[in-house]
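Residue-level listing of the chains:
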Amino acid sequence: MHIKEETKERHTLAVIVDNEPGILARIAGMFTARGYNIESLTVTDISEDDLVSRITIVTSASPPVMEQIIAQLERLIPVHKVADLTVLGEHVERELALVKVVGRGEHRIEALRLADVYRARVVDATIESFVFEVTGATEKIDKFVELMREVGLVEVARTGIVAISRGKEPA
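Residues numbered from 1 in each chain as written. Predicted model: local features only at pLDDT ≥ 70, side-chain atom pairs only at ≥ 80, totals over all residues. Heavy atoms only, no water.

Examining the UniProt feature "domain: ACT" (unreviewed entry) in the protein chain
Here is step 1 of the chain: Using the residue numbers shown here, the UniProt feature "domain: ACT" (unreviewed entry) corresponds to residues 12-87.
Here is step 2 of the chain: The annotated region residues 12-87 carries 36% helix and 38% strand content, and the separation between its end C-alpha atoms amounts to 9 Å. (UniProt positions renumbered as here; feature names shortened; annotations may be inferred. Helix = DSSP H or I, 4+ residues; strand = E, 2+ residues; numbered from the N terminus.)

Let's talk about the packing of helix 4 (residues 106-117) against helix 5 (residues 138-149)
Here is step 1 of the chain: Contact geometry of helix 4 with helix 5 gives a least axis separation of 10 Å together with a crossing angle of 170 degrees. By the angle between their directions, the pair helix 4 and helix 5 is classed as roughly antiparallel. The residues of helix 5 that touch helix 4, namely those facing Ala111, Leu114 and Ala115, are Phe144, Leu147 and Met148. (Axes fitted to C-alpha atoms, helices over the stretch in contact; angles between N-to-C directions. Parallel < 35°, antiparallel > 145°, perpendicular 65-115°, else oblique. Contact = heavy atoms within 4.5 Å.)

A closer look at the domain arrangement of the protein chain
Here is step 1 of the chain: Taken as a whole, the protein chain is organised into domain 1 (9-89) and domain 2 (92-165).
Here is step 2 of the chain: In this structure, domain 1 and domain 2 have C-alpha centres spaced 29 Å apart.
Here is step 3 of the chain: Each partner contributes residues to the interface: domain 1 has nine residues there, and domain 2 has eight residues.
Here is step 4 of the chain: Summing both sides of the interface, domain 1 and domain 2 together bury roughly 600 Å²; the carbon and sulfur share of this comes to 51%.
Here is step 5 of the chain: Considering only the side of domain 1, the residues that lose the most area to domain 2 are Arg10, Thr42 and Leu85, jointly responsible for 49% of the buried surface there.
Here is step 6 of the chain: The interface formed by domain 1 and domain 2 holds one salt bridge in total.
Here is step 7 of the chain: Here glutamate 93 ties to arginine 10 by a salt bridge, and the two come within 2.8 Å at their closest N and O atoms.
Here is step 8 of the chain: Linking domain 1 with domain 2 are five residue pairs in polar contact (both at pLDDT 80 or more).
Here is step 9 of the chain: Elements with a contribution of two residues or more to the side of domain 1 that touches domain 2: strand 1 (9-18), strand 2 (40-45) and strand 3 (52-61).
Here is step 10 of the chain: Here the residues of the side of domain 1 that touches domain 2 sort into three nonpolar, four polar and two charged. (Domains from an automatic or database assignment. Buried area = accessible area lost by both parts, 1.4 Å probe. Salt bridge = Lys/Arg side-chain N within 4 Å of Asp/Glu carboxyl O. Polar contact = N/O pair within 3.5 Å; in protein donor to acceptor, adjacent residues only side chain to side chain. Nonpolar A, V, L, I, M, F, W, Y, C, P; charged D, E, K, R; others polar.)

Overview of the sheet that holds strand 1
Here is step 1 of the chain: Taken together, the four strands give an open sheet; going across it, the order is 2-3-1-4, and neighbouring strands pair in antiparallel fashion. Unpaired on one side and paired on the other, strand 2 and strand 4 (79-84) mark the two borders of the sheet. Direction aside, neighbouring strands of the sheet carry axes that sit 20 degrees apart on average.
Here is step 2 of the chain: Alignment of strand 1 against strand 4, held across five bridges, turns out to be antiparallel. Bridge assignment links isoleucine 16 to a residue of strand 4, and that residue is lysine 81.
Here is step 3 of the chain: Here helix 1 (residues 23-33) sits on the sheet and contacts strand 1, strand 2 and strand 3; the angle it forms with strand 3, its principal contact strand, is near 15 degrees. (Pairing = 2+ DSSP bridges.)

Structural data, given as structure tokens:
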């Protein structure tokens, strides 16, 4: 007997919720309790009166499991709307990273050269170190970090993915 494994696909979800204490813990707990992984998570207030927030979640799951995740999120009381940006169509995703690199001489010059290629900005500098700010797609950030390992990477801080649908309609 051969058991067919379903292919996992990466999905970006935009979840609109009431901005109340504990909602993030409830959503994260729902993922944890069912064994789902959150690959990226960002939260921001989206209303003038601070009553509504948008949670962007990146996760990977098979199509039936993704349907289950969305249905379970929609059942949570403070959730107003769940949009699967991956299914809805074209959307823009970005991430920001702060990357600390230590080096002297040629390593320092190479770090600056690579930063220029990746359009990273120097946001802090000392005689022995730089902190670069780089924004873009996750793959771009991953590659920049990988290259900086070779010239003196010390530390990385990343925001997680933010995403929005393209066009005039909200997600």
